Amino acid sequence: MSLINELENLRNYFERGATLSADFRIEQLKKLKQSILEYEYELYQALYTDLKKNKEETWVTETGMVISELNTALRKIKSWMRPEKVRTNLLNLPSSSRILREPLGVLLIIGPWNYPFQLLINPLIGAIAAGNCVVLKPSEFAPATDVVMKKIIESVFPKEYILYVQGEGQQVIPQMMNAFRFDHVFYTGSTAVGKIIYKMAAEKVVPVTLELGGKSPCVVDADANLKVAARRIAMTKFSNAGQMCVAPDYVLVHQSVKQPFVDAMQETIHQFFGDKPEENYNYGKMISEKQFDRVVKYLSEGNIIKGGRIDRAKLFIEPSLLDNIAPDAAVMQDEIFGPVLPILTFADMKEAKSIINKHPNPLAFYIYTASTANAKSWLQNIPAGGACINNSSWHLTNHHLPFGGRGFSGTGNYHGKYSFETFSHKKAVMQTPTWFDPSIKYPPLKGRLKLFKRIIK
Ligand code: NAD
């Protein structure tokens, strides 16, 4: 059967109304959970093969995060689906008003390679909870995880409900999007490909959620607890070998505390990953030679104050700190997406802002400071998709918060209830009784302006 015929089958399945009931959705979420747990150990192996992720990290950032999202959806789905009563304005009384959450239809979810499981399956949970049919397109660059995810999906879902489509994105995605009108496209990946997806969607006026990347700045102010800052920054920057969309891209440290901060970072990196990070259980690898070669180039764009060793055969880049970087160097223009951390200094907020604003609206912004008022001021001054105070990246794991970017770092958001909202249409419904039908609403209207002004103001 051709791919396009398979997409038509999803449309037919959706239109038969099978996905509408809460019971159906709950059953599918339970099946998904069961299937993930059955393949838990295969997932550990696959993520180790693709990214050298250890089991513990895999649980926190991939499998466990998805199971937690599933549990939330299972607990909350009935309340999310309930019609929402809202007030009715004077003009329309005695009508009553409510908002219904309707499924969108057939969705396309496109995943990247860096958290290949979590970033494909987490949006799927919201999509199922909201009653949609889904095409899942994993990244071709995490092939071991791709194989296991295919088994997880195909062992429990018929293809006319959830279709798993493998292949090269640049070939298979235009093929689908040009021949078929999806009701929503949810894309996670680079801004460059996000623009291509957005253009294709615009041709058919398809709404999109774009979860993109960018340079997320991390400010360490003069009053910060430097030891804690170093631990939290090193943890999130070098987790998954820096291949994390919300990793601190670079650090802006107040000039008065640069040296003690660098000392704390050096010590922390050594504590976490030892003398030989390439052999350390806690440290990952680059996904591919292409990504390895791209990131290695950044090492020559500054003064290496820690790390710098590489091994192409192992796709290994040591956790590295750089300073003395020229402002126009590529490492300060591109999203780094690897274990290289530039450390820049600033004298005051104005100077820091001028550096950050070269890449406005980052996916995330991190501020380390002991002062609540100072943190508030930084937050007000730096627009970003999300933010942490005295922390980095972890906001992503709290499903009570919406996760998404703004500007070039993306549009739309998801996680927990926000996923359900993203994949639902809010249908506005007004219900009007027939026992009251004042003639004042009907023509002839002449002479009623004063009265209308009293009612509508
Ligand atoms: P990638 O290369 O795997 O691409 C992502 C998806 O796009 C894949 O499924 C791929 O098949 C598809 N694709 C690639 N080229 C295409 C084309 N020309 N046309 C249509 N589809 C195409 O992953 P990536 O883009 O390298 O991922 C890394 C980027 O993703 C980074 O910029 C990172 O910041 C961002 N990211 C963002 C988030 C987020 O939640 N905001 C999460 C993870 C990664």
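Residues numbered from 1 in each chain as written. Predicted model: local features only at pLDDT ≥ 70, side-chain atom pairs only at ≥ 80, totals over all residues. Heavy atoms only, no water.

Q: Summarise the layout of surface pockets; cite the residues concerned and give the values.
A: The probe, sized like a water molecule, is rolled over the atoms to show the empty space still left. Here the largest pocket is characterised by a volume of approximately 1200 Å³. Secondary-structure elements contributing two or more residues to the lining of the largest pocket are α7 (169-179), β6 (184-188), α8 (191-203) and α11 (289-296). For the lining of the largest pocket, the leading source of residues is α8, giving 7 residues. Broken down by class, the residue content of the lining of the largest pocket amounts to 23 nonpolar, 17 polar and 9 charged. (1 Å grid on protein atoms, 1.4 Å probe; cavity = no way out; pocket = protein on both sides within 12 Å on 5 of 7 lines; lining within 4 Å. Points joined across faces, edges and corners; volume = space filled by probe spheres on them. Helix = DSSP H or I, 4+ residues; strand = E, 2+ residues; numbered from the N terminus. Nonpolar A, V, L, I, M, F, W, Y, C, P; charged D, E, K, R; others polar.)

Q: Report on the pairing of β6, specifying residues and quantitative values.
A: Across the 5 residues that make up β6, a large majority, 5, are buried. Side chains of β6 alternate between two faces, with His184, Phe186 and Thr188 and Val185 and Tyr187 buried alike. The sheet contact formed by β6 and strand β7 (residues 208-211) spans 4 bridges and is parallel. Each residue of the ladder has a partner; that of tyrosine 187, found in β7, is leucine 210. In this region the chain leaves β6, passes through α8 and returns to the parallel neighbour β7; the handedness of that crossover is right-handed. (Buried < 20%, exposed > 50% of the residue type's maximum accessible area, 1.4 Å probe, protein only. Pairing = 2+ DSSP bridges. Right-handed = clockwise from strand over helix to strand, strands pointing away.)

Q: Now, about the site of the ligand: what can you tell me, with residues and values included?
A: The environment of the ligand is made up of 29 residues, and the closest members are Gly111, Ser139, Glu140, Leu212 and Glu335. Within the side chain of serine 139, a nitrogen or oxygen atom sits 2.7 Å from an oxygen atom of the ligand. Contact with the protein chains removes 92% of the 850 Å² of surface that the ligand exposes when unbound. Taking a 2 Å distance to the grid points as the criterion, the majority of the atoms of the ligand fall inside the largest pocket. Looking at the shell around the ligand, the elements that each hand over two or more residues are α7, β6 and α8. Both domains that furnish three or more residues to the shell around the ligand are identified here as domain 1 (3-212 + 407-429) and domain 2 (217-397). (Near = heavy atom within 4 Å. Polar contact = N/O pair within 3.5 Å; in protein donor to acceptor, adjacent residues only side chain to side chain. Areas by Shrake-Rupley, 256 points an atom, 1.4 Å probe, with all protein chains shown as cover. Sits in = over half its atoms within 2 Å of the grid points. Domains from an automatic or database assignment.)

Q: Tell me what's going on with helix α3 (residues 40-51), and back it up with residues and numbers.
A: For α3, built from 12 residues, the straight-helix expectation of 16 Å at 1.5 Å per residue is met to within 8% by its first-to-last C-alpha distance of 16 Å. Residues of α3 that are buried in the fold lie against α2 (22-38), α4 (55-81) and α6 (143-154). Residue lysine 52 follows α3 closely and has a positive phi angle near 55°. (Expected span 1.5 Å × (residues − 1). Contact = heavy atoms within 4.5 Å.)

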